[in-house]
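Inside the fold
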Amino acid sequence: MKIWKKSSGYSRLRVYSDAIVRLSFSSISIEGIENIPRDGMVMFAPNHCCSLIDAMLVLLLRPHLPIGFGARSDIFRKPGTARLLRWLRILPVARERNGRQEVAKNYETFDEAIDCMDHGVPFCMYPEGRHRPERGMMPVRKGIFRVARMAMERTGKTVYVVPVAEDYEYFFRQCGKVSLRVGEPLNVNDYIETHRGLPEIEVNKGLCETIQSRIESMLGGNIPRSEKRRAAIAEGKPFEEPPVADVVMRSLSAVMLSPLALALTAASLPVWLPSRIILAGMRDKAWSHTVYFAFRVIFPVFAPFEWLRGVIFNFYNELFCDLFR
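Remember, it's a predicted structure, so these values are computed and weren't measured experimentally.

It is worth spelling out the environment of M43 at this point. Mapped onto the fold, M43 is located in strand β2 (residues 41-46). Sequence separation of M43 and V159 is 116 residues, and the distance between their C-alpha atoms is 7.6 Å. The contact partners of M43, leaving out residues within four places of it in the chain, are M117, F123, M125, I144, V147, A148, Y160, V161 and V162.

Structure representation (structure tokens):
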């Protein structure tokens, strides 16, 4: 199946999955949607910090419409999993550590990615090549621009690489704020033409640095106060503490909310308890949001209770940080 082709089953699943994604955060804001080009071929380039849930958030840029994705090739080893991932518009991308034979197969994926964009469906690649649950970015790799160059040369169309900043309030705790910020698209054709005459390695370096700086400039708007306080202390800088009256009022609210918090904890048990058990045995905690998302999908009736429980517990956490700073 061509990943750009319409599928009624996929569209119906997107309605459901998009709704569950929105129940995974206290709020989701999307900014700069007007920056997505309406002509040419579009590649999304987001930062990568929370594994699969990063992709689920990018899908919100095109509600109920497909976006193609590249993902690490080792998760495609089982035929059944590979068929499912392909139905979800996800293609395998091998990394150097997978060996030369696997990396050589990337050209088949790149051909499909170009075909996808040529039919008006954007393709998303994570320019860092791996995820890390921290603010900021790791160095951008040239793979995304290799695909962009191939698309430009084969089709003659304009290729845009669109920076997307996924800015999480919390990387491991649930139901925090998250912002999707779409930045100024990078016209790859114009950039290469402007820098014609330079060695290819220098052009690629400039492309990587440009997209990285655009993403980094959009990150950091959702840092919680407790994290800002720790950073200020570490740097020896002053930090403005909340007024005493504010802390007292929030403390009283916390006491009043405690029966509701206990009731919500019990009501959302099928979601948060198995998630906590699974995550306790996982070394890569970047999967936290994804594991919780999976159980919200399985037990949707409990998802609203778990959402409210998460919001209240984040309120408690920030209050305790203020009380015991």
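Right, let's talk about the packing of aromatic side chains for a bit. Between two aromatic rings, the relevant description is the distance of the centres plus the angle of the planes. Scanning all chains against the criterion turns up 9 aromatic pairs. Their ring planes at 50 degrees and their centres at 6.0 Å tell us that F315 and Y316 sit as a pair that is tilted. Taking relative accessible area as the criterion, F315 reaches 24% and is therefore assigned partly exposed. For Y316, a relative accessible area of 11% corresponds to the buried category. Positioned over the ring face of Y10 is R89, at 4.3 Å from the centre of the ring. Seen from the ring of Y170, R173 lies directly overhead, with NZ or CZ sitting 3.8 Å from the centre.

Glancing now at a nonpolar patch on the surface. On the surface, a cluster of nonpolar side chains totalling about 400 Å² of accessible area is made up of V244, V248, M249 and L252. Position of L252 among the secondary structure elements: in helix α10 (residues 244-267).

What follows deals with the pairing of β2. β2 sits mainly inside the fold: 6 of its 6 residues count as buried. When β2 meets strand β6 (residues 159-168), the two strands line up parallel, connected through 6 bridges. Counterpart to F44 in the pairing with β6 is V162.

The next thing to look at is the pattern of salt bridges. Side-chain pairs of opposite charge can arise whenever the charged atoms involved come near each other. Within this structure, the stated rule accounts for 20 salt bridges. For R250, the salt bridge identified is with D246, shortest N-O distance 3.1 Å. Here D246 and R250 lie together in helix α10, a separation of 4 residues that amounts to about one turn. The partly exposed category is assigned to D246, whose relative accessible area is 32%. For R309, the salt bridge goes to E306, with nearest N and O atoms at 3.4 Å. With R309 and E306 both in helix α13 (residues 303-323) and 3 residues apart, this pair spans about one turn of that helix.

A few words on the environment of R100. In this structure, R100 sits in helix α4 (residues 100-104). With 68 residues separating them in the primary sequence, R100 and Y168 have C-alpha atoms 35 Å apart.

Another point: helix α6 (residues 143-155). Under the 1.5 Å per step criterion, the end-to-end length of α6 is 19 Å for 13 residues, consistent within 8% with the ideal 18 Å. Those residues of α6 not exposed but buried are I144, F145, V147, A148, R149, M150, A151 and M152. Packing partners of the buried residues in α6 comprise β2, α5 (106-118), β6, β8 (186-187), α7 (188-194) and α8 (200-216). Of the residues trailing α6, G156 is marked for its positive phi of about 75 degrees.

Conventions and cut-offs
Residues numbered from 1 in each chain as written. Predicted model: local features only at pLDDT ≥ 70, side-chain atom pairs only at ≥ 80, totals over all residues. Heavy atoms only, no water. Helix = DSSP H or I, 4+ residues; strand = E, 2+ residues; numbered from the N terminus. Contact = heavy atoms within 4.5 Å. Phe/Tyr/Trp six-rings, centres within 6.5 Å; stacked < 30°, edge-to-face > 60°. Buried < 20%, exposed > 50% of the residue type's maximum accessible area, 1.4 Å probe, protein only. Lys NZ or Arg CZ within 6 Å of the ring centre and 35° of its normal. Patch = residues over 30% accessible without salt bridge, like charges linked within 9 Å, V, L, I, M, F, W, Y side chains within 5 Å. Areas by Shrake-Rupley, 256 points an atom, 1.4 Å probe, with all protein chains shown as cover. Salt bridge = Lys/Arg side-chain N within 4 Å of Asp/Glu carboxyl O. Pairing = 2+ DSSP bridges. Expected span 1.5 Å × (residues − 1).

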